[in-house]
Amino acid sequence: MTALVISGGHLLDPAAGVDALKDVLLKDGHVAEIAAPGKLKSANGAEVLDATGLYLTPGLIDMHVHLREPGQGYKETIATGTAAAAAGGFTAVAAMPNTSPVNDSPEITRWTQAPERGAVVRVFPIAAATRGSKGEALNDYAALKSAGAVAVSDDGRPILKDNIMRETLAAAARVGLSVIQHAEDTRLTQGGSMNLGPMSFKLGLRGMPAEAESSIVERDIRLVTELRDTRVHLHVAHTSTAAALAAVRQARRNGLRVTCEVAPHHFLLTEEHVGMYNTNAKMCPPLRSAADRDAMIEAILDGVVDAIATDHAPHAVHEKEVEFENAPNGITGLETALGLSLRWLHKEWKMPLGRVLSLLSAQPAALLGMKGRGTLTVGSFADVVVFDPKAEWTYSAREGKSKSRNTPFDGWTMQGKIRWTICEGRIAYNAKP
Amino acid sequence: MNPTATPARRQLLHPPVEASPFPYNPGSLLTAGDLSLDGISQILARATALENQDPLVRDRILAKRRVALLFYESSTRTRTSFELAAKSLGADTTLVSSLSSSIEKGESLKDTGLTLRALGAEAIILRHSSSGAAWLLESETRLPVLNAGDGMHEHPTQALLDLRTILAHLRPGTETVSAETLAGVTVSIVGDILHSRVARSNMLLLPRLGARVLLCGPKELLPELAAQAGPGITIERDFEAALRQSQAIMMLRIQAERLAGLQLDLEEYKAAYQLTGQRLATLAPEAVVLHPGPIIRGLELTAGVADGPQSAILEQVRNGVAIRMAVVERALLADKQGGRA
């Protein structure tokens, strides 16, 4: 079978506590051997990738992407979305179920993972928590789990009703799945297209208040508390407000299994970046105030945030070239997450490299129970990203692998240039083919 | 903020907010904020000059130039005055409204704009129900775009004609404005501020000339954060207290079409905020009363006030034509006049 040796590189595996020059042998989709530099060069018949001067680290894992298939292949396909993922250093992505139709069945869950989809990195489906993601009737979580679902979520919509959310948390816990909540009280955000604040007033746009997010997070935490079942895992998707983070922080102090993710745009941008109706700065939850943005950074640096997830949400150009309030929510993110995280969290805000990478790999792997991923030890999956963590480059959306280019980061300086992304031993992205 | 977070632990540098690239076209008027004080003075001066000019001479200024009026919302004053203004300068105008055009068939604003440009339109006057529509149209067509009202956002020519009206009453003869021109003047804007593009443009424009703007209305129609929209803006919930301080009073219509489910007790509203003859006579007997129209007699103001001696409502309409002549001329001659005013 195929074998690859990555030689001369610096292995940084935060989960295993490795931070040294190592050669790594990948065989049959797994890590076969890790040895001192120079030891593995002559491994029989193995292709050698010269990683001299580069870092290798466990492949990145994005626990929140929208791949748009089935149903919206004009925005993205599983093939193009995973190509974008590979270009961004991701070897696994968790795909949200708000496709067309909604992934609320074992059939669609399996369809998503079928080889015919042409994925170049591993796709882990997140199944809908409720039928059609309508928030009314629970799906069969055991069946979804055995079809490959790694979590349940109605992402794009909240599970609004108390009793349904309570049942969802309890039922998911019984089969060992996490519940990922899109925390938005839609009764407070109707017609809203950006954060409620001085900017929305100035721009004459209806606003989405911060309380729409925090009140749902607080409600959910109350439900978790009441359930008194240690198997319950609530994960808050795309956290964007200081108040929601404060609630998560408190829940953790109380010993609850409540985790959260933050998207790069929420720790980098504010409502000011909406500018004069830039639809590539429109997403849900929206860009918030500077105080909220600061709270995201603080919580990432403090360790309250469990994962960086992109909420990669591709839309066709013509869909975004419309009146701001009519534009769909969402921006792409797979090809910019590492570059932005290293440029800002690591370089600017001095977060150690290993901790940044852990938020992009080991921690999301643990949250979703992905065994053998997020680390590079003998026997784990051969999911590797080889990159130069110091190299700066300029991102051009036009040259990206995603089918869409709805990003506010076009032309931005990124840090950390990817040389190879290897998924289960196969080269999924090669910067110089 | 989370009270348990370490306060001011880090002074962090963040990605900057890029400067707005708008307007792309020096002839565009998207927001009242696009204009410098010099630019405002020029428009006021041109408005007067054009108004006084021989119509047969004026007719040659934009002879046979093409101006498109693109109206996604109904309008009487703005549409007619823009059209009369462009025609008085000799321009050919064409009106496209959302009914009776391909917009009904689902044509996008971008495609409608590109079509008008291909038909030879040299400037587009846009009225649209979505905030920011004028910015979209300008960036897609790069033509001079005159914002004739975008959603709840702005209506810059209305603010300019309101300014012309206020100046005529409080600072007669003024054409060159400065940051002190309206020093000591308090203008109250009363009513449905939240949904009003007229209020937003005036809030941007008047304080730059030194005026104090008082916003007055109930919480549902005037959120506290309106006071943060710019300098020189204060909220005064008590209508009578606002009247007592005002030299100009701008009454606004309740925009039923934009209330979006908001419940409002109209009788309560009238009791608190209706401008009656008695309130005017006792609290602001010298003030000039403005209203951008359409007025609803008996709701935000009484018929007596609308028709009374302090009312400048029809004067505003007349000023609209003069201001819009200056703005249309600027749109098409901006380059010749030395670029962005």
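1. As for the overall build of chain A
Okay, step 1: Each helix and strand in chain A was counted, giving 14 helices and 18 strands.
Okay, step 2: Since a compact globule built from 433 residues should have a radius of gyration of about 22 Å, the 21 Å found for chain A is in line with a globular shape.
Okay, step 3: For chain A, buried positions account for 62% of its 433 residues.
Okay, step 4: Of all intrachain contacts in chain A linking residues separated by at least 6 positions in sequence, the fraction that spans at least 24 positions is 75%.

2. A few points about unusual backbone geometry
If a residue is not glycine, its phi is most likely negative; likewise, a peptide bond is most likely trans.
All names here are of chain A.
Okay, step 1: Residue Glu69 is joined to Pro70 through a cis peptide bond whose omega torsion reads 5 degrees.
Okay, step 2: One can find Pro70 in the loop between β6 (60-65) and α1 (78-87).
Okay, step 3: Although it is not a glycine, Ser133 adopts a positive phi angle of roughly 50 degrees.
Okay, step 4: The residue Ser133 is located in the loop between β8 (122-127) and α3 (141-146) in this model.

3. A word on the nonpolar core
Okay, step 1: Among the nonpolar cores identified, the biggest contains 236 residues, and Val152 of chain A together with Ile124 and Ile249 of chain B are the most heavily contacted of them.
Okay, step 2: Considering every element that reaches this core, the biggest residue donor is helix α12 (residues 313-333) of chain B, with 9 residues.
Okay, step 3: Each of two domains, domain 1 (32-153 + 320-331) and domain 2 (156-317) of chain B, supplies a minimum of three residues to this core.
Okay, step 4: Val152 of chain A has contacts with Ile126, Ala127, Ala128, Ala129, Tyr141, Leu144, Thr168, Ala172, Leu177 and Val179 of chain A, leaving out every residue within four places of it along the chain.

4. Things to note about the interface of chain B and chain A
Okay, step 1: Across the boundary between the two partners, chain B contributes 29 residues, which contact 31 residues of chain A.
Okay, step 2: Broken down by element, the side of chain B that touches chain A gets its largest block of residues, 3 residues, from helix α5 (residues 133-141) of chain B.
Okay, step 3: A class-by-class count of the residues in the side of chain B that touches chain A yields 17 nonpolar, 9 polar and 3 charged.

5. Brief notes about helix α7 (residues 210-227) of chain A
Within an α-helix, residues lying three or four positions from one another point in the same direction, as the helix has 3.6 residues per turn.
All names here are of chain A.
Okay, step 1: Between the first and last C-alpha of α7 there are 26 Å, a value that for 18 residues agrees with the 26 Å anticipated at 1.5 Å per step.
Okay, step 2: Turning to α7, its buried residues are Ala210, Ala212, Glu213, Ser214, Ile216, Val217, Asp220, Ile221, Leu223 and Val224.
Okay, step 3: One or two positions beyond α7, positive phi appears at Arg228, with a value near 50 degrees.

6. Structural notes on the domain arrangement of chain B
All names here are of chain B.
Okay, step 1: Domain boundaries in chain B define domain 1 (32-153 + 320-331) and domain 2 (156-317).
Okay, step 2: Just the C-alpha atoms count here: the centres of domain 1 and domain 2 sit 25 Å apart.
Okay, step 3: With 24 residues of domain 1 at the interface, the matching set in domain 2 holds 24 residues.
Okay, step 4: For the side of domain 1 that touches domain 2, the secondary structure elements donating two or more residues are α1 (37-52), β4 (145-150) and α12.
Okay, step 5: Tallying contributions element by element places α1 first for the side of domain 1 that touches domain 2, with 8 residues.
Okay, step 6: Broken down by class, the residue content of the side of domain 1 that touches domain 2 amounts to 12 nonpolar, 9 polar and 3 charged.

What counts, and where the lines are drawn
Residues numbered from 1 in each chain as written. Chains lettered and ligands numbered in written order. Predicted model: local features only at pLDDT ≥ 70, side-chain atom pairs only at ≥ 80, totals over all residues. Helix = DSSP H or I, 4+ residues; strand = E, 2+ residues; numbered from the N terminus. Rg over C-alpha atoms; globule rule 2.2 N^0.38 Å. Buried ≥ 20, exposed ≤ 12 C-beta atoms within 10 Å, placed from the backbone. Contact = placed C-beta atoms within 7 Å. Core = buried A, V, L, I, M, F, W, Y, C linked by C-beta atoms within 7 Å. Domains from an automatic or database assignment. Nonpolar A, V, L, I, M, F, W, Y, C, P; charged D, E, K, R; others polar. Expected span 1.5 Å × (residues − 1).

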